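# Summary of structural features
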There are 2 protein chains.
Amino acid sequence: MTTKSVAELLSEDVKLQDVTVKGWVRTFRANRFIALNDGSTINNIQCVVDFENFEEALLKRITTGAAIEVMGELVESQGKGQSVEIQVKSIEIHGDSDPEAYPIQPKKHTFEFLRENAHLRTRTNTFSAVMRLRSSLSFAIHKYFNDNGFYYMHTPIITGSDAEGAGEMFRVTGLDPKNPPLNEDGEIDYKQDFFGKETNLTVSGQLEAETYAMSLGKVYTFGPTFRAENSNTSRHLAEFWMIEPEVAFMDLAGNMDLAEDFMKSVLSYVLKHNREDLEFLDKRLQEEEKKLPQAQRSPMNLIDKIKFVVDNNFKRVSYTEAIEILRNSKPNKKKKFNYIIEEWGADLQSEHERFLVEKHFKCPVILFDYPANIKAFYMRLNEDGKTVRAMDILFPGIGEMVGGSQREERLDVLKEKMVALDIPEEELWWYLDLRKYGTAVHSGFGLGFERLVMFTTGMGNIRDVIPYPRTPQNAEF
Amino acid sequence: MTTKSVAELLSEDVKLQDVTVKGWVRTFRANRFIALNDGSTINNIQCVVDFENFEEALLKRITTGAAIEVMGELVESQGKGQSVEIQVKSIEIHGDSDPEAYPIQPKKHTFEFLRENAHLRTRTNTFSAVMRLRSSLSFAIHKYFNDNGFYYMHTPIITGSDAEGAGEMFRVTGLDPKNPPLNEDGEIDYKQDFFGKETNLTVSGQLEAETYAMSLGKVYTFGPTFRAENSNTSRHLAEFWMIEPEVAFMDLAGNMDLAEDFMKSVLSYVLKHNREDLEFLDKRLQEEEKKLPQAQRSPMNLIDKIKFVVDNNFKRVSYTEAIEILRNSKPNKKKKFNYIIEEWGADLQSEHERFLVEKHFKCPVILFDYPANIKAFYMRLNEDGKTVRAMDILFPGIGEMVGGSQREERLDVLKEKMVALDIPEEELWWYLDLRKYGTAVHSGFGLGFERLVMFTTGMGNIRDVIPYPRTPQNAEF
């Protein structure tokens, strides 16, 4: 008699064999049908109990959430909805679950309630599906890069640099918080701190990834990044995971090709490997949206939307073209946008991005060649002297999914830019070294992993796609 | 004419074709032979220049570290050491490298020097090989778990809990460092900090991983962890990466099986996929050790040592047996140990671990069933009431590679232990919930990733196996 996972049992061809399975009770119906789940699949295995053969005291302990071990015979199912079931011979209770106290009842819970019980929420179908998909997407990402000759690189989390410029940073310190040492000027003496200087949590591994691209050729990061911004929205986390590939000798066109191929490959992977979870989440979303007025519903269902991205070319549009389109658009002329687009140089808001993706092009869009002054210092200045080789990839329903650029490889131009933006050379001497010794065209992009998980699962709140979200006033668990 | 990587070119069967390759000059010999590397392999491709056909000004710019693009014909090599080479037709210089200023000269540099130039050190054979292996090991880890039905889980980096107990923590804060807000008691008012409480950098994702194991069945983490310990040694980092699998319904014996199978699988992967890098590092280590007296040299060379682990069973030895062996050992009797083992209950030092692994058993050893009072609160108490179901896996040359245990699944026993150790229940209410609702036997372990990279690469200093090491007084780059 072998112990098997529910996923294994449900995919068994051979019937009529003795099996053991361990998991948690989802429901126990009519003193007869146990729906047992062990996390290996969204599906439960039905365990049929002949209650006359079991003590009532035991049967009473088979409650939602209880951990049990079931031994029995795997047979073809008599009922609908499953091909096999277990005719139970014996049951062992591993851990009880008091039905009065157990928070995860077999009924619909709000996501807010489940966030407060984030340690138990993967015991629901929705969150187990989301987290299996999150895991599968992670693997698809590593596999894509590994298959394509990229090296995975762990960039530092604690950084002494605050020049990354992507946002507000958290300070990391070992100093006495109440009586920090002061220097002669009366300022905090960070020389006495653990690292001998002020340190923060990284906002991006890009600059370090560039150092490795300029020797190993193709690298990527996949690690946590941080923003100390007081944004209490459904789209922001203080701690989130980011993927940042960086490639030597690759220009912006190559960068677009890479990003598009990467996104399609990763999404194809989950279409192939996570079908049942996607179908569950697809149905969930449709039911959710039934409550909304027609106009607010998604134009495509979840799986179709993913397939659409996989099957269609991303539309490549310059910033300048996009501004023209937006300026002449109905919502701009009728002043329906909160920010009216009046002239070239305007920063695009998510309402504009969504208009381009969802109304105008109706497909993923790569915007490129942005005005230099709304983009980061390290982006390659074009010959026109006013735009940079930046790109953003916009997805339906999500907005910006990827941000990237060709990097400024010319020492003099980079230095000028740093002077203009008050970025001290001493802090980025090593970054400048890359332009002194064997510099070359190179490019890369960043992808917020949680955005990708939201897109793939159809979840509307970023707090629901990461195990333990960190947000203002919340670092529970 | 297609652009190919050096790795692709060196594995080409078809000869006599026009190719383009881009990379960095390692050496330029006799105004004729360029050794070009692009990071895709430890090997360089030889590019043969007929100097009479090129301008001298161009040839002068072909210096170590310069980024160049070579176009030419791929032909069978006339010289030794490579099967193919490129007969160069044209060269384009992408980025010069001033030979007077470039730090990475074609000569032996000390690792200390290279640490100060960590942004350039992957331009050397040794560090490119180490970092390719690091990447390959990472992928092998993800692949192993994915193939075996585990879900990858991102546990939080910023934690509000300080009960993990694995070591000193770094504080994460957004408060004004000079004038932090105080509460009525004159203490720092962390309610006004970003997360509304005191937060730190995680020392382990285990407790959170347990929550997911108890719903998804088999999970693992692979993420950064932190120790604010002032240990300036060749074996400690303030920031390092850890792998922590956690499995429901698995006891300590299963945990040992998993850890052994996992280690063997991951090492087999690099033996198969990273042969050339391993051979280079193997040779490097042998040359390094030639300088040492015979007694201090490794008994096995690098690849043999890895193979030995793959091919041999790990010896499983109880703590109690180990103490007997150590007590009766020569170095104990002759008082050669710094810490003499006198009685049961003593904590083992690395000198004892190394004796067991390297002198006594001469193979990887799994020690298990340690005294409860030298191990963590969450470890499963044995029926003897004095030992816990802990295990440490000891490797030759490295010492402890893995530490794990079966977890205490009994609510009452766990609570008692927490009371005894002054761990507040309020802080770990969610951890206790796992024992209230559907508790079950479960186990897991932690593996310090850099230890594994050290073992696999033969590098002696942990600072040399992570891109940008964080140690006391050092957070450069």
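Along every chain, residues carry numbers that run from 1 in the direction the sequence is written. Note on labels: chains are lettered from A, ligands numbered from 1, in written order. At least 70 in pLDDT is required for a residue's local features to be given in this predicted model, at least 80 for side-chain atom pairs to be given and counted, and no such filter applies to totals for whole chains, interfaces and linings, which use all residues. Side-chain numbers come from the whole structure's heavy atoms, not from hydrogens or water.

Per an unreviewed UniProt entry, chain A goes by Asparagine--tRNA ligase and derives from Winogradskyella luteola. UniProt positions are given in the numbering used here, feature names are shortened, and annotations may be inferred rather than shown by experiment. Taken from UniProt, the Sequence similarities (unreviewed entry) comment for chain A reads in full: "Belongs to the class-II aminoacyl-tRNA synthetase family." Of the comments in the UniProt record for chain A, the one headed Subcellular location (unreviewed entry) reads "Cytoplasm".

### Remarks on the domain arrangement of chain A
For interface size, the figure often reported is the accessible area lost on association. All names here are of chain A. Domain start and end points were adopted from an automatic or database domain assignment. According to the domain assignment, chain A consists of domain 1 (6–102) and domain 2 (125–168 + 203–464). Relative to domain 2, the C-alpha centre of domain 1 lies at a distance of 44 Å. Contact with domain 1, which involves five residues of that partner, is made by six residues of domain 2. By definition, the buried area sums, over both parts, the 1.4 Å-probe accessible area that each loses when the two are put together. Between domain 1 and domain 2 the total buried area reaches about 480 Å² when both faces are included, carbon and sulfur atoms providing 43% of it. Should any heavy atoms of two residues lie within 4.5 Å, those residues are counted as being in contact.

### Some thoughts on the interface of chain A and chain B
On the chain B side, the residues contacting the 109 residues of chain A number 109 residues. Summing the contributions of chain A and of chain B, the shared interface buries around 8800 Å²; its carbon and sulfur component is 61%. Every case where a carboxyl oxygen of Asp or Glu lies within 4 Å of a side-chain nitrogen of Lys or Arg is listed as a salt bridge. Linking chain A to chain B there are three salt bridges. N or O atoms within 3.5 Å of each other form a polar contact, as long as, within protein, one can give a hydrogen and the other can take it, and as long as residues adjacent in sequence are counted only when both atoms are side-chain atoms. Counting the contacts that link chain A with chain B gives 45 residue pairs in polar contact (both at pLDDT 80 or more). For the side of chain A that touches chain B, a count of residues per class yields 52 nonpolar, 33 polar and 24 charged. In this description, strands pair whenever DSSP reports at least two bridges between them. For helices the rule is a DSSP run of H or I covering at least 4 residues; for strands it is a run of E covering at least 2, with both sets numbered from the N terminus onward. When strand S9 (residues 171–173) of chain A meets strand S9 (residues 171–173) of chain B, the two strands line up antiparallel, connected through three bridges. Bridging from a neighbouring strand, Val172(A) pairs with Val172(B) of S9(B). Just so you know the grouping, Ala, Val, Leu, Ile, Met, Phe, Trp, Tyr, Cys and Pro go in nonpolar, Asp, Glu, Lys and Arg go in charged, and all remaining residues, Gly too, go in polar.

### Quick word on the pattern of salt bridges
For side chains of opposite charge, pairing can occur when their charged atoms come near one another. Residue and element names in this part refer to chain A. Per the counting criterion, the structure on display carries 52 salt bridges over all chains. Measuring nitrogen to oxygen at the nearest pair gives 3.1 Å for the salt bridge that ties Arg121 to Asp464. Taken together, the residues span a long stretch of sequence, with Arg121 in the loop between helix H3 (111–116) and helix H4 (125–147) and Asp464 in the segment after helix H14 (449–457) at a distance of 343 residues. Between Glu288 and Arg284 there is a salt bridge; the shortest N-O distance is 3.6 Å. Taken together, the residues Glu288 and Arg284, both in helix H7 (residues 275–290) and four residues apart, mark about one turn of the helix. By relative accessible area, Glu288 is classed as partly exposed at 30%. Burial here depends on accessible area, computed with a 1.4 Å probe over protein chains only, as a share of the maximum for the residue type. Under 20% is buried, over 50% is exposed, and the range in between is partly exposed.

### A word on the UniProt feature "coiled-coil region" (unreviewed entry) in chain A
Under the local residue numbering, the UniProt record ascribes the feature "coiled-coil region" (unreviewed entry) to residues 271–298 of chain A. Counting secondary structure, residues 271–298 of chain A comes out at 68% helix and 0% strand; the distance between its end C-alpha atoms is 19 Å.

### Points about helix H8 (residues 302–311) of chain B
Residue and element names in this part refer to chain B. Looking only at H8, the buried set comprises Leu302, Ile303, Lys305, Ile306, Val309 and Val310. Down the axis of H8, the smallest arc covering the buried residues is 160°, so these residues share one side. Residues of H8 that are buried in the fold lie against helix H6 (252–273), helix H7 (275–290), strand S15 (387–395) and helix H14 (449–457). Capping of H8 at its N-terminal end is provided by Asn301; its side-chain oxygen lies 3.4 Å from the backbone amide nitrogen of Ile303. Note that the arc is computed from the directions linking the helix axis to the C-beta atoms.

### Notes on the relation of the copies chain A and chain B
When the copies are overlaid, the least-squares fit takes in C-alpha atoms only where the residue has pLDDT of at least 70 in both copies. The transform that puts chain A on chain B rotates by 180° and translates by 0.0 Å along the axis, for an RMSD of 0.0 Å. Here the copies are linked by what is in effect a two-fold axis. The C-alpha atom lying nearest the rotation axis in chain A is that of Val172(A); the distance is 2.4 Å. When the interface residues of chain A are mapped onto chain B, 100% of them again fall at the interface, so both copies present the same face.

### Section: the sheet that holds strand S10 (residues 199–201) of chain B
What the six strands build is an open sheet, ordered S8(A)-S10(A)-S9(A)-S9(B)-S10(B)-S8(B); its pairing is antiparallel. Two strands bound the open sheet, and with one partner strand each, they are strand S8 (158–159) of chain A together with strand S8 (158–159) of chain B.

### A look at the packing of aromatic side chains
Two rings from Phe, Tyr or Trp (for Trp, the six-membered ring) form a pair when their centres are within 6.5 Å of each other. A pair whose planes differ by under 30 degrees is stacked, one over 60 is edge-to-face, and the rest are tilted. Applying the stated criterion across every chain yields a total of 57 aromatic pairs over all chains. Pairing Phe194(A) with Phe195(A) gives two aromatic rings, centres 4.8 Å apart and planes at 70°, and the pair type is edge-to-face. Both residues of the pair, Phe194(A) and Phe195(A), count as buried. Among the aromatic side chains, those forming a connected cluster through ring pairs are Tyr212(A), Phe377(A), Tyr378(A), Trp429(A), Trp430(A), Tyr431(A), Tyr468(B) and Phe477(B).

### A closer look at the side chain of Glu351(A)
Residues and elements named next belong to chain A. Structurally, the position occupied by Glu351 is in helix H11 (residues 350–361). For the buried Glu351, no salt bridge exists, and the shortest N-O distance to an oppositely charged side chain is 10 Å, to Arg354. In terms of polar contacts, Glu351 uses its side chain to reach the backbone amide nitrogen of Asn338, at 2.7 Å. Only 2.7 Å separates the side chain of Glu351 from the backbone nitrogen of Tyr339, close enough to count as a polar contact. Those residues in contact with Glu351 that sit more than four places away from it in its chain are Lys336, Phe337, Asn338 and Tyr339. By the counting rule applied here, Lys and Arg register as positive and Asp and Glu as negative, while His and the ends of each chain are not counted.

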